[in-house]
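Observations on chain architecture
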Amino acid sequence: MATAQRIIRNLYRDSVSLMQLSEKIQQMPEISQASAIMASENNISLLVESGLLKAGIVPSPNDLLIVVEGNNADAAAAALDAVEDLLMKRADDTDSQDVQSLAPRSIQMSLEKMPDANLALISTPGDYAAAEALKAMHLGLHVMMFSDNISHEDEIMLKHYSDKHALLFMGPDCGTAILNGIPLGFANVVRRGNIGVVAASGTGLQQVTSLIDRWGGGISQALGTGGHDLSAEIGGITMKQGIKALSNDPSTKIIVLISKPPSAAVMQNVLLEAEKAGKPVVINFIGADMRSITGEMLHGVPTLEAAASAAVLLARDEPIGSVETDLPPQLVKDAEAAAETLKPGQKYVRGLFSGGTFCFETLHLLGQLLGPVYSNIPLRPEWRLANVWQSQAHTAIDLGDDLFTKGRPHPMIDFRLRNERLLQEAGDPETAVILLDIVLGYGSNMDPAGEIVPAMREAQAIARKNARSLVFIASVCGTESDPQNLALQEEALKNAGVYLAESNAQAALMAAAVVKNFKG
């Protein structure tokens, strides 16, 4: 193997573009690993820690750093040349335009060209993101911060500044939003409607908005808060801002709140704000006791699917009925049939997730039905995996965790790490079910089925060689209008023998049903 690197001076690309570029490089002939990053100190240290880069690169956050690992030096060099040609061609296309059409180089220059703009999307290296966000808010702009690696102190400062100046601050690490029908970050194409969503989870927001669209409802606004917003230190500032904004929005009839369980004090304050909204509010604090959510217009639900279902029914002025997520009759039959294909010794579920919220929801559902489920994001300290690279008993892994993405694109873009882990699980004689999430939409891989189906077929071949079979269960988070084409993606997965559930919760329930039905 040979590793090569190249620095392209004074060339900036945002985080999503760089993740997609890294994935494209890894598809090149004889390339095993690749990473395209802005050369900030933090990004460089992550690559050094991952082993893809040797120490000694001097940080220069205005420069773009490309690192590749190939089968030989010629392959690595050829990949670098091809990528640089692609990047410089794009830069030349911009440079060839007249002076008046050159891209602005600051938020203030952008505002001069777009005086009616009221929001800035920040996607810069974390070292500079807080300063840029503060500049934007000083100019009176709301902010969506896609960037992460922001200090805790800066996050608190930005949140409090936004609250004091009546500005919405979404982030940091806010990966998804839909504003006035425009998807931002990792988001799906959904129809407009009268349901507003505020979420401390990107994939949670994607699941709920996609299911609302699938069931005939529509989205007025979908606001992300960033993952730390409901911590005791921050106090749910952005979620409370979002509730206020949606309560004052005439196009919003129903409000949905999504988060992991906040601290007791923060939860109480958020619920008080929700009660003041004067509109029905559906609340899914994943894993929280629904009995703690009380109020005439507050509706606590246990799953992301139930949140979407309740919101659609309320929007139609129909009664919610049961808020439990049940396994549809067809999937009950499928689980019974799948269990009959297993052999003695196959008894565990292995979940491989690109969405952290999907993994978290699955841990709760499987934990209720199967007992301990081990993970890198465990529900209990004693259920933490001894080695995150090796499953034990029932396991669900969040492959989007920083530990797995060092030097790699996010697993919603790059399927290589999940495919490798999938084959590893196939070689374990105790694996019964491999449980997956597939996330469509802007920013995600353009052909997820095309990436993962060959690995599934290879995994089944490994199992057959050892007189076993595997049960694949998945849910596809997406809509018919997404660029990946939902129908084609689902068809390709079904043709590969995958059992498809309509939601992540249903997929988890089916996985549990398979192993509980197996008598071996």
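Residues numbered from 1 in each chain as written. Predicted model: local features only at pLDDT ≥ 70, side-chain atom pairs only at ≥ 80, totals over all residues. Heavy atoms only, no water.

Looking at the pattern of salt bridges
All told, the structure shown has 13 salt bridges when counted by the stated rule. Among the ionic pairs, Asp 317 bridges to Lys 253, the shortest N-O distance being 3.0 Å. Placement of Asp 317 in the loop between α10 (304–315) and α11 (329–339) and of Lys 253 in the loop between α8 (237–247) and β11 (254–259) is noted, with a sequence separation of 64 residues between them. Residue classification places Asp 317 among the exposed positions, given a relative accessible area of 61%. Between Lys 276 and Glu 273 there is a salt bridge, with its nearest N and O atoms 3.7 Å apart. Here Lys 276 falls in the exposed class, since its relative accessible area comes to 63%. (Salt bridge = Lys/Arg side-chain N within 4 Å of Asp/Glu carboxyl O. Helix = DSSP H or I, 4+ residues; strand = E, 2+ residues; numbered from the N terminus. Buried < 20%, exposed > 50% of the residue type's maximum accessible area, 1.4 Å probe, protein only.)

Remarks on the side chain of Arg 421
Relative to the assigned elements, Arg 421 resides in helix α14 (residues 416–426). Here Arg 421 falls in the buried class, since its relative accessible area comes to 5%. Contact partners of Arg 421, with chain neighbours within four places excluded, come to Leu 352, Val 388, Trp 389, Gln 390, Ser 391 and Ile 397. (Contact = heavy atoms within 4.5 Å.)

Description of the packing of helix α5 (residues 126–138) against helix α6 (residues 152–164)
Between α5 and α6, the least distance of the axes is 11 Å, while the angle of their chain directions is 10°. As the angle between them shows, α5 and α6 are arranged roughly parallel. In this structure, α5 contributes Ala 130, Ala 133, Leu 134, Met 137 and His 138 to the contact, and α6 contributes Asp 154, Met 157, Leu 158, Tyr 161 and Ser 162. Residue composition of the contact of α5 with α6, by class: seven nonpolar, two polar and one charged. (Axes fitted to C-alpha atoms, helices over the stretch in contact; angles between N-to-C directions. Parallel < 35°, antiparallel > 145°, perpendicular 65-115°, else oblique. Nonpolar A, V, L, I, M, F, W, Y, C, P; charged D, E, K, R; others polar.)

Here's the deal with the sheet that holds strand β14 (residues 348–353)
If you walk across this open sheet you meet the five strands as β15-β14-β16-β17-β18, and the pairing is parallel. Where the open sheet ends on each side, the last strands, each with one partner, are β15 (395–398) and β18 (499–501). Adjacent strand axes in the sheet meet at a mean angle of 20° when their direction is disregarded. Where β14 lies against β15, four bridges are found, and the strand directions are parallel. Bridged to Arg 350 within β15 is Thr 395. Where helix α15 (residues 448–465) meets the sheet, it contacts β16 (431–439) and β17 (471–477), and its direction lies at approximately 175° from that of β16. (Pairing = 2+ DSSP bridges.)

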